[in-house]
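# Coordinates in review
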Amino acid sequence: MSVFWKPGTAAPGSTVDRETEAEGTLVQSAPNKYASLGLQGQRQSLPIFKHRDHLLYAVEKYPVVIVVGQTGCGKTTQLPQYLHEAGWSADGRVVGCTQPRRVAATSVATRVAEEMGSVLGDEVGYTIRFEDKSSPSTKIKYLTDGMLFRETMLDPLLQKYSVIMIDEAHERGAYTDLLLGILKKIRRKRPELRIIISSATIDAEDFREYFNSNVDGEGKEAEESVIISLEGRMYPVEVAYLSEPSSDYVEAAVQAVFDIHAKEPAGDILVFLTGREEIDSCIQEIAERIPTMPKGMPGLLPLPLHSGLTAEEQAEIFEPPPRDTRKVIVSTNIAEASVTIEGIKFVVDCGFVKLRTFNPHTGTDLLSVVPCSLASLNQRAGRAGRTSPGKTFRLFPSSVLPTLPRSTVPEICRSDISLFVLQLKALGIENVIRGFDFMTPPPSDMMMRALEFLYSLKALDEAAKLTRPLGMWMAEMPVEPMMAAILLNSHEFRCGEEVLTIAAMTSVQNVFITGDGQAGALAELEKRKFTAEEGDHLTLLNVYNGFTKYGSSSSKWCSIHRLNFKALSRAVSIRQQLKKYLLRFGKQPVRIESCEGDQERLRRCLVTGYFKNAARWVEGEGTYRSVRENAVLHVHPSSVLFTRKPSTGWVIYHEVVQTTKSFMRDLTVVEKDWLGELAPDYYEIKQKKRI
């Protein structure tokens, strides 16, 4: 039974509130009526166009310009072009624009290249992890904030950039915060550098105060920054809530989609879920129910949107649907602010988001599903009111609103900051606690955990200084410190070829294609053909070797074996890039060696990085316990060890995902003695604990 209203009336058992989502939603995007215009006509139809001269004047006068504007107003695509047209990219200089997500960086760069009549990678380019579509002739460069931060290791003053725009800064990703601190330092050395910060309303004043804390020669506060609001009108958004919490919000989302399709006028639907597995499940359920719709009803086109999509898959999201078809985009919070999708009139919001959180007391980095902040809910609802009045269906009661946080905690305050500490030290900031101006400093216990872990990896010495060359090499590698350590240690265990493969395979998502019913049973049978008793890492190694031997030239082999051809192809590319790092660092005197089937050697090498993520089987409980903190852990159902007890009783794992329980993903069976032998410092630093 529907829990949502029929047009004009409230549905039985639901509560309906009418409200305009104004917080952080100041302008509308170009209505679809402009679609018939040429590209230049569409550019001029965007709300930001009337602010062009004002923005350029502000950038000329103020070192830091904070731009407040709704997603879709054109700031991400147009402002870099205005700067380029005004001469900020002349004489070999570059206008840089950071994005918090890879999908946004690639899709926006593609659009801007099209508007400028340029080939992507020439005048307009992008750089994301493991992919660089830029060249020496690039004038406008879109890149993830993490990649710009990495550029500071090679060019600490970012000399080639005349203007750097930090987009979606209100999301407060860890690299966004690090970049803000670095740019504040660079400004003192390069007063000609211009910084533009794109922010939601609630955070604009915080950014202004942060940059105004630079003082002038007389000791007075220097007015370095200015806020510009791109005023515009949002259409009203009608919001409905459930009267009771839903036990399965994915199923509730599917039901909401069909309720909207049956009762509401034309307009595409945007569904917010928390991750790829939920998205795939939702799309599959929608696809299975489409044939049951009454004859003559318009069609539904469900499409996924998440960070694991290829460029071709991303492009489908922005294409108009076929005639008499309603598009249903099922997305993570990427669609909350990072990308703009035309035609959305209805939003279905589960009210949750998947965030990475680190518990310094247990030493566990969790990927947890948590309730959204009020700011995020408002951002999501605003997607429905950009081009016309819209409706948002929230899959939770309105009574929970007072319990939600105002905004999301900055990532730097809730994540394992080991990698960030390592990279700051590689930039020469040895005293990370006092020598770096964090906008929001991370908790001290997180900082201590990070220093302890990096010392155990041998990236830092006893004085907490970066070791050379090992620590510097680890900071430069585009992977987490634990995997960087495994890669750099692989020469000692003579298993570099295998470790490169495992590093690449753990960098991609959803290698195995799963399903329900008969399809799921078939997928499980195919997976067993690659299963290694030692665990998931060696299983992934078998998959990769099979792919490169039989399936890399055609997707047919992958289809037969229920494997993701695009994910495996990306793993091949990532492996090639990681190999270049190892060869450049000179850890291999002649060649990168293979363990030639010696699985013990390979597993021992994995322990040199994964030692922090170790767990032991507890016979009486039927569960695992983390070695040092004694936290209860379970094997994720996707693991080959889900139904098997490890022969030694001990495992290492890649990460923990927190849903109904704390699930370990990507496990490998190890020997108990290897932990003390290969990571003695880690298990003795705080207390002598017998394992």
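The notes below deal with the structure included here. What you see is a predicted model; the values in this text were computed from it and never measured.

## Things to note about the environment of Pro443
Within the element layout of this structure, Pro443 appears in the loop between helix H13 (418-426) and helix H14 (444-456). Looking at Pro443, the relative accessible area reads 30%, which means it is partly exposed.

## What about the nonpolar core?
Counting 114 residues, the largest nonpolar core has Leu178, Ile197, Leu424, Leu487, Val511 and Leu563 as the members making the most contacts within it. Beyond its immediate chain neighbours, meaning those up to four positions away, Ile197 contacts Val64, Val65, Ile66, Val67, Ile166, Ala169, Leu180, Phe207 and Phe211. If you look at the next biggest cluster of nonpolar residues, it comprises 32 residues, including Ala58, Tyr82, Ile140 and Val226.

## Observations regarding the environment of Tyr142
Tracing the chain through its elements places Tyr142 in strand E6 (residues 140-144). C-alpha of Tyr142 to C-alpha of Met165: the two residues are 23 residues apart in sequence and 9.4 Å apart in space. From its side chain, Tyr142 meets the backbone oxygen of Thr76 in a polar contact 2.8 Å long.

## Remarks on helix H22 (residues 599-610)
Given a rise of 1.5 Å per residue, twelve residues ought to cover 16 Å, and the 16 Å separating the end C-alpha atoms of H22 matches this to within 8%. The buried fraction of H22 amounts to ten of the twelve residues, a majority that puts the element mostly inside the structure. The complete set of buried residues in H22 reads Arg601, Leu602, Arg603, Arg604, Cys605, Leu606, Val607, Thr608, Gly609 and Tyr610.

## Overview of the side chain of Arg187
Structurally, Arg187 can be placed in helix H6 (residues 174-189). Classification of Arg187 by relative accessible area gives buried; the value is 7%. At 2.4 Å, the side chain of Arg187 and the backbone oxygen of Pro191 are in polar contact. The contacts of Arg187, once residues within four sequence positions are left out, are Pro63, Glu192, Leu193, Arg194, Ile195 and Glu224.

## Considering the packing of aromatic side chains
Given two aromatic rings, one states the distance between the centres and the angle between the planes to describe the pair. In total, this model carries 14 aromatic pairs according to the counting rule given. Seen in terms of ring centroids, Tyr175 and Phe420 are 5.1 Å apart; in terms of plane orientation they differ by 85°. Their pairing is edge-to-face. Of the two residues, Tyr175 sits in helix H6 while Phe420 sits in helix H13, which places them 245 residues apart along the sequence. Grouping residues by exposure puts Tyr175 and Phe420 together as buried. An aromatic cluster is defined as three or more aromatic residues linked by ring pairs; in this entry it consists of Phe149, Tyr175 and Phe420.

## Things to note about the pattern of salt bridges
For the structure on display, the rule yields 33 salt bridges. Close ionic contact of Arg111 with Glu115 constitutes a salt bridge, the shortest N to O distance being 2.9 Å. Taken together, the positions of Arg111 and Glu115, both in helix H4 (residues 102-115) and four residues apart, correspond to about one turn of that helix. The class for Arg111 is partly exposed, based on a relative accessible area of 27%.

## A word on the pairing of strand E13 (residues 325-331)
The buried fraction of E13 is high, at six of seven residues. As defined by bridge partners, strand E11 (residues 268-272) adjoins E13 across four bridges and the pair is classed as parallel. The partner of Phe272 across the bridge, within E13, is Ser331. Alignment of strand E12 (residues 299-305) against E13, held across seven bridges, turns out to be parallel. Bridging from a neighbouring strand, Leu300 pairs with Arg326 of E13.

## Quick notes on the sheet that holds strand E4 (residues 124-128)
One open sheet holds the eight strands; their spatial order is E5-E4-E6-E3-E7-E8-E2-E9, and the pairing between them is mixed. Both edges of this open sheet fall to strand E5 (131-133) and strand E9 (225-229), since each of them pairs with a single strand only. Adjacent strand axes in the sheet meet at a mean angle of 20° when their direction is disregarded. Here four bridges tie strand E7 (residues 161-166) to strand E8 (residues 194-199), and the two strands are oriented parallel to one another. Opposite Ile166, over in E8, you have Ile197 as the bridge partner.

What counts, and at which threshold
- Residues numbered from 1 in each chain as written.
- Predicted model: local features only at pLDDT ≥ 70, side-chain atom pairs only at ≥ 80, totals over all residues.
- Heavy atoms only, no water.
- Helix = DSSP H or I, 4+ residues; strand = E, 2+ residues; numbered from the N terminus.
- Buried < 20%, exposed > 50% of the residue type's maximum accessible area, 1.4 Å probe, protein only.
- Core = buried A, V, L, I, M, F, W, Y, C linked by side-chain atoms within 4.5 Å.
- Contact = heavy atoms within 4.5 Å.
- Polar contact = N/O pair within 3.5 Å; in protein donor to acceptor, adjacent residues only side chain to side chain.
- Expected span 1.5 Å × (residues − 1).
- Phe/Tyr/Trp six-rings, centres within 6.5 Å; stacked < 30°, edge-to-face > 60°.
- Salt bridge = Lys/Arg side-chain N within 4 Å of Asp/Glu carboxyl O.
- Pairing = 2+ DSSP bridges.
- Axes fitted to C-alpha atoms, helices over the stretch in contact; angles between N-to-C directions.

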